[in-house]
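Now for the letters of each chain:
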Amino acid sequence: MSIEVRVPDEQEGTKAVVRAWLKRVGDVVAVNDPLVELETDKVTQEVPSPAAGVLSEIVLDSDAEAVPGALLGRISQDQTSDRPEPGEGPSLPSPAPANVQSFDKLGSNGPGEMRLSPSVKRAILQHGIDPLRLSGTGRDGRITRDDVDAAVAAATTVSAGAPSTAQPRRSGDIPHDRMRLKIAENMVRATSEAPHVTALFEADFSAIAAHKASLAARGVKLSFTAYLVKAAAEAMAVAPAINGRWESDRIAIAPSVNVGVGTALGDKGLVVPVVKGAETLSIEEVGAKLADLTARARNGQLTGGDVSGGTFTISNHGVSGSLLASPIILHAGQAAILGVGKLEKRVVVRSVDGQDAILIRPMAYVTLTIDHRVVDGHQTNAWLSRFVEILESWPAA
């Protein structure tokens, strides 16, 4: 009896490529064993085995396009664990000695699990890295893109002794990967389709800083981003169209507030995991979901469901030092994106006991960029006013 392994129907976008097979033809597999990695412009996901048996056939090999529902391979429940003789069916290449020039000939089950995904191969070629000198942190010791990036960051000098893991950074061309191409495509589409307008406010973070510190003293650690997500969800009440989208015959208002949070992945671009139903969650629940999504994003473990369904986006660009930016709306099904700048102490004038006083407060610029087909200026300002009011009047813990 043969069981088919297919590309999941639910994934972000309609296209994916086979990144790497984690099993070879002839390998015994158990139910839910990871079989193959698929890579889209947003996420890398593992496809688990739907049944126990022996991987008898690989239909789509590495770098092949994999549309939803496409046949990836087959699992036989009638075979033994004996591997097929050469020529009996497609399989991954066998292990071979590796260096920078021949690493792409490596197969699986070699020293350190030398199975390299396309993005890892590109990075190794770009930086002149010997993969045999890397310690993989991925599943079963596989080398990940993060391992390559860490090695490059650590290699700042060349010694006269033993060869280093990586050579210093050098100039030259950087090949496009799937994520970079998709980001470029989305940027061009977004700016050409939707008329963008940006409004600028500033917010005093004193209240949420005090609340955050109070929770931390009790062992509950939250990021400032968690407060931004919760405040954004609550602010939708005064301007529901902010949580809407443009349709040819109407403005469609989403029934729930699903907040996407831009998460940088270094030179690899960014992904936008989504906190769904944020309006129904407590601040602690938002923080827990956000921490989980962010960790899995940086470990390359997001699924298509984690990055789909967003109705509003937050770009917390201030975490990298930016004071002010006006990010654009990348998702066609959204009407607005919030930008939050660097949190820093500033001198402000406040009224204290009826008198003007000069105070030092933690402040940040916040921008709301809107699709002007969906939202007008008064709605934009009403939303920002309420958003800032929520942040500045956050109750004590």
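Keep in mind the model is a prediction, meaning the values are calculated, not measured.

J.: Explanation requested: the overall build of the chain in the structure shown.
T.: Along the chain, the regular secondary structure elements total seven helices and 18 strands. A burial count over the chain gives 45% of its 397 residues as buried. Residue pairs at least 24 apart in sequence account for 64% of intrachain contacts in the chain once pairs closer than 6 positions are excluded. Carbon and sulfur atoms provide 52% of the accessible area of the chain, an area that totals close to 19,200 Å².

J.: What's the story with the layout of surface pockets in this structure? I'm lost.
T.: In this approach, a probe sized like a water molecule rolls over the atoms, and the result shows the empty space that is left. There is about 820 Å³ of room inside the second largest pocket. Of all the elements, helix H6 (residues 283-298) adds the most residues to the lining of the second largest pocket, at five residues. Residue classes in the lining of the second largest pocket are distributed as 16 nonpolar, 14 polar and three charged.

J.: Help me out: how do you make sense of H6 in this one?
T.: In an α-helix, one full turn covers 3.6 residues, which means residues spaced three or four apart are oriented alike. Taking 1.5 Å as the rise per residue, H6 with 16 residues should run 22 Å; its terminal C-alpha atoms sit 22 Å apart, in good agreement. Among the residues making up H6, those that are buried are Ile283, Val286, Gly287, Leu290, Leu293, Thr294, Arg296 and Ala297. Residues of H6 that are buried make contact with helix H4 (206-217), helix H5 (224-235), strand E11 (259-261), strand E12 (263-264), strand E13 (270-271) and strand E14 (274-275). Backbone geometry just downstream of H6 places Gly300 in the positive-phi region, at approximately 70 degrees.

J.: So what exactly am I meant to see when it comes to the nonpolar core here?
T.: Looking at soluble globular proteins, one finds that nonpolar side chains tend to be buried together. Counting 53 residues, the largest nonpolar core has Ile242, Phe312, Leu338, Leu368, Trp383 and Phe387 as the members making the most contacts within it. Per-element accounting of this core gives the leading share, eight residues, to H5. Counting 19 residues, the second largest nonpolar core, distinct from the first, contains Val29, Leu35, Leu55 and Ala66.

How each quantity is defined
Residues numbered from 1 in each chain as written. Predicted model: local features only at pLDDT ≥ 70, side-chain atom pairs only at ≥ 80, totals over all residues. Heavy atoms only, no water. Helix = DSSP H or I, 4+ residues; strand = E, 2+ residues; numbered from the N terminus. Buried < 20%, exposed > 50% of the residue type's maximum accessible area, 1.4 Å probe, protein only. Contact = heavy atoms within 4.5 Å. Areas by Shrake-Rupley, 256 points an atom, 1.4 Å probe, with all protein chains shown as cover. 1 Å grid on protein atoms, 1.4 Å probe; cavity = no way out; pocket = protein on both sides within 12 Å on 5 of 7 lines; lining within 4 Å. Points joined across faces, edges and corners; volume = space filled by probe spheres on them. Nonpolar A, V, L, I, M, F, W, Y, C, P; charged D, E, K, R; others polar. Expected span 1.5 Å × (residues − 1). Core = buried A, V, L, I, M, F, W, Y, C linked by side-chain atoms within 4.5 Å.

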